[in-house]
Amino acid sequence: MSRLEAARAATQHQKQWFAETARRARGGDPIALVNADAPHEVLRAFDVPYVVNQWWASIISAKRLGPASMRMLANTGLPDHSQQYDTMPLGAQALPLDQRPWGGLPDPAFAIADSHGDVTHKIFEQWGRRPGTETYLLSRTAADPVPPRWWELVPHEWETAFGTDRLDLLLGEIGDLIGWLEERTGRAFDEDRFAEIMRLANEQAEWNRRTRDLLAAARPAPVLVNDTMPAVMVPQWHRGTQWAVDAARRLHDEVAQRIDDGVVVCPGERRRLMWIGRGLWSDLDLYQRFQEDFGAVFVWSMYLAIAADGYARYGPDPLRALAARFVGLTDLLYVPPWSADWYVKEALAHGVDGVVHLVADDTPGGRFISEALEAEGIPVLEIRANNADSRSSSAARIPERIADFLRTRVPAED
Amino acid sequence: MTGAETAPRIGIVGDDVPRQLVLATGAVPQRLLGSWHDPVSAEAAELLGAVDAGAARILDGLLSGRHDDLAGLVVCHDSQADLRIFYVLRILAQRGRLPFPVHLVDAPRLNSAAARRFVGRQFSRLLEFCEQVTDRRADLGSLHLAAERELALGRALEAMRERRRTDGCAGAAALRAYHAAATMPPEDAVATVAAAQAPAALGATPVVVTGSNHPDPGVYDALERTGEVLVVGEDHDTGDLAWLGVAVEAAALEEVIDGLAAAHLARPAVATGGLAAERAAYIATCAEQTHARAALALVREHDDAPAWDLPDQRLELRRRGVPLVVRTRIRPADDPVAAAQEAVAEIRIELASTAGGIS
Ligand code: SF4
Ligand code: SF4
């Protein structure tokens, strides 16, 4: 099965972009390191290139430098056992330059994060101690209220979805961040440019929604789920650019073409599977391993689905819309009942026969997700492991357990 | 006069509740503390994911019906573990698993004008929740009376801290007093706090305690029973950093609320909310003021925040000649008392190795 051209193009673009960004940074241009939940579009408006901490962790992890990075942390007395995915880049920054992936991440001028969990703010505090780096922290509020069917509310009725209080706080903090960046970059925040960035981000989300809808309806599956991951995620890191809109559109068109051409991943598709949880970066082949023996194909990815449902924010006030994009983004995925309701909706739309649920140790109430799916007659296999750490994914015997699950609980369709 | 014996009790998970507001609606705020020792049920462990066993034990207490006589429950977003307790209980309460309503208090720690407004709105909503639970509206009169009661408790605690600095009160007795203050009607607590006297063993080394909080006095008891150490201060939310004895007197409800929001944002940070630098500065100052000669960090597994403070704390304490002895990732099945006793032995060795240089 040939790879998606959109995936290849995205991966290549990301390499070029990173090389160019690193070159600019070494020449003295400020760049930023940001958490996945920080309001990226503000940086785009300032023309400050940003590297997303979790993306960089995925690169480090793919190069199997996770354990070495964590050792660097431990050497300085910092814990190597908490929020590993978020801490890995901090550790990797201490590796000798020739061992760091992609020639290394130049030290960012700005490190920006929301205070998610118990230690994200402390991780970014450490970044701020590195020479040349300053840290800016945002608050992280809790998912309260949680009105039902969030995916119908968030594009336009985000005020209802997240509540005025949460939005007011983040909007206030984004305003402070803008002032902080104006001071440090000597540049002025351009509201028109920002509004255009928000418009492009929404257009990108619309293409992602169409792509997701195509894939939900297509039988058998026309693309490998791990192929859609880079094709969706890389443009997400460039959200708010014309390139990202075009990339999302290219992915859509390529998927549509494949469906027209009758291309399928597995002609013998007999079981449609859904993977819930973060990607197992250390073992991407896993997603294909069950085709041969079971005709089992992973047809859904959180990355495309959240890009389709989670990001669009319309409205006359682009800054408030930006606050609404980030105020509860991960809550949509990880906080029950929001998470559970959405997974059920997606599983039904994709005609899924079984779910492999990778319960990360940083999410509560995983059981509620599994229960909600089982209540719809969809069998669920729960696996508890950390996605980025190759030590724990092999320890959890994931392939064997999936095979067992397919054999015993997921009857084949005919 | 306050009817505290018959007053409804509102349970509290975490430490971000301004107790004055709860008291003003005629309820008694009762913090649920959990423990170091109790086994964690499979259900709590599974519902919460990997969290501090201290929090899992609180959830266990709630699910086992031990707190069914509460009139309502307030859960704070002061740690990831407590937030998860809220998320889980919100669903279980909806399913009828709890006989009382559950409410979240979300009070971030990063100070800004927007944060102060947000925290103020959270406190207003807390007050409404308590009013619904008790069916009694707070007014300026009841807010004033609540402030007096809470401030009297604050004075008693301050006097106890003073006794602690002058060898008049052991750490375990102080910890019990803090627990009483966090769980009993203020008048009863004042009496208990005032009675916390237990003088220290002669010649014991004064130490400050950081790391995880202490939901029960078991570890402090074990430390002090060795006769070798005396806990003179700490930076966790079940001891010196517990938000107790604070209230605002003002001429309007909005001013009380805003004053409480400002007071919250000015609190010294606990591990989960604070930066390592502030935490290190706090424990070092604490060690100085209490004349501590050593510091001890006991950190439960999955209570990750304190571990991020340790390198800074060690450095700041060392600058003042105070060694820091550390036990991290204490697991639910581990014996915390044994860990504490080992730590005491290590403190003895540390002090012996530096003593030569001092004399
Ligand atoms: S959701 Fe997980 S990976 Fe993402 S920011 Fe939070 S802890 Fe990090
Ligand atoms: S399992 Fe069979 S039908 Fe499916 S991809 Fe492999 S060879 Fe093709």
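As a reminder, the structure under discussion sits directly above these lines.
Analysis parameters
Residues numbered from 1 in each chain as written. Chains lettered and ligands numbered in written order. Predicted model: local features only at pLDDT ≥ 70, side-chain atom pairs only at ≥ 80, totals over all residues. Heavy atoms only, no water. Salt bridge = Lys/Arg side-chain N within 4 Å of Asp/Glu carboxyl O. Helix = DSSP H or I, 4+ residues; strand = E, 2+ residues; numbered from the N terminus. Buried < 20%, exposed > 50% of the residue type's maximum accessible area, 1.4 Å probe, protein only. Pairing = 2+ DSSP bridges. Axes fitted to C-alpha atoms, helices over the stretch in contact; angles between N-to-C directions. Core = buried A, V, L, I, M, F, W, Y, C linked by side-chain atoms within 4.5 Å. Contact = heavy atoms within 4.5 Å. Buried area = accessible area lost by both parts, 1.4 Å probe. Polar contact = N/O pair within 3.5 Å; in protein donor to acceptor, adjacent residues only side chain to side chain. Nonpolar A, V, L, I, M, F, W, Y, C, P; charged D, E, K, R; others polar.

A closer look at the pattern of salt bridges
All names here are of chain B.
Alright, step 1. Under the counting rule described, the total for this entry stands at 65 salt bridges over all chains.
Alright, step 2. The residue E346 makes a salt bridge to R327 at a minimum N-O spacing of 2.9 Å. Placement of E346 in helix α13 (residues 336-358) and of R327 in strand β8 (residues 324-330) is noted, with a sequence separation of 19 residues between them.
Alright, step 3. Residue E346 is classed as partly exposed on the basis of its relative accessible area, which comes to 27%.

Points about the pairing of strand β6 (residues 296-300) of chain A
All names here are of chain A.
Alright, step 1. Counting buried positions along β6 gives five out of five residues, so the element sits mostly inside the fold.
Alright, step 2. Summarising the sheet, strand β5 (residues 271-276) and β6 pair through four bridges and their orientation is parallel. Counterpart to M274 in the pairing with β6 is W300.

A word on the sheet that holds strand β2 (residues 50-52) of chain A
Residues and elements named next belong to chain A.
Alright, step 1. With parallel pairing, four strands are arranged side by side in an open sheet as β2-β1-β3-β4. Strands at the two margins of the open sheet, each flanked by one partner only, are β2 and β4 (134-138). Strand-to-strand, the axes of this sheet are offset by a mean angle of 20 degrees, without reference to chain direction.
Alright, step 2. Where strand β1 (residues 32-34) lies against strand β3 (residues 110-114), three bridges are found, and the strand directions are parallel. Along β3, the bridge assignment pairs L33 with A111.

A word on the nonpolar core
Alright, step 1. If you look at the biggest cluster of nonpolar residues, it comprises 160 residues, and the most contacted ones within it are A:I402, B:L73 and B:L89.
Alright, step 2. Considering each element in turn, this core owes the most residues, nine residues, to helix α4 (residues 80-94) of chain B.
Alright, step 3. Residues within four places of A:I402 in sequence aside, it is in contact with A:W275, A:L286, A:F290, A:V356, A:L381 and A:I383.
Alright, step 4. Counting 32 residues, the second-largest nonpolar core is a separate cluster that includes B:A24, B:V74, B:A107 and B:L127.

Description of the interface of chain A and chain B
The extent of an interface is frequently quoted as the accessible surface area lost upon association of the parts.
Alright, step 1. With 48 residues of chain A in contact, the opposing surface of chain B contributes 44 residues.
Alright, step 2. Summed over both sides, the interface between chain A and chain B buries roughly 3800 Å², with carbon and sulfur atoms accounting for 57% of that surface.
Alright, step 3. Between the two partners, chain A and chain B, sit nine salt bridges.
Alright, step 4. A salt bridge links A:R129 to B:D312; the shortest N-O distance between them is 2.5 Å.
Alright, step 5. Linking chain A to chain B there are 19 residue pairs in polar contact (both at pLDDT 80 or more).
Alright, step 6. Among the elements of the structure, α5 (84-92), α6 (120-127), β4, α9 (164-185) and α18 (366-375) of chain A are those that each provide at least two residues to the side of chain A that touches chain B.
Alright, step 7. Sort the elements by how many residues they give to the side of chain A that touches chain B and α9(A) lands first, with eight residues.
Alright, step 8. Residue composition of the side of chain A that touches chain B, by class: 16 nonpolar, 15 polar and 17 charged.

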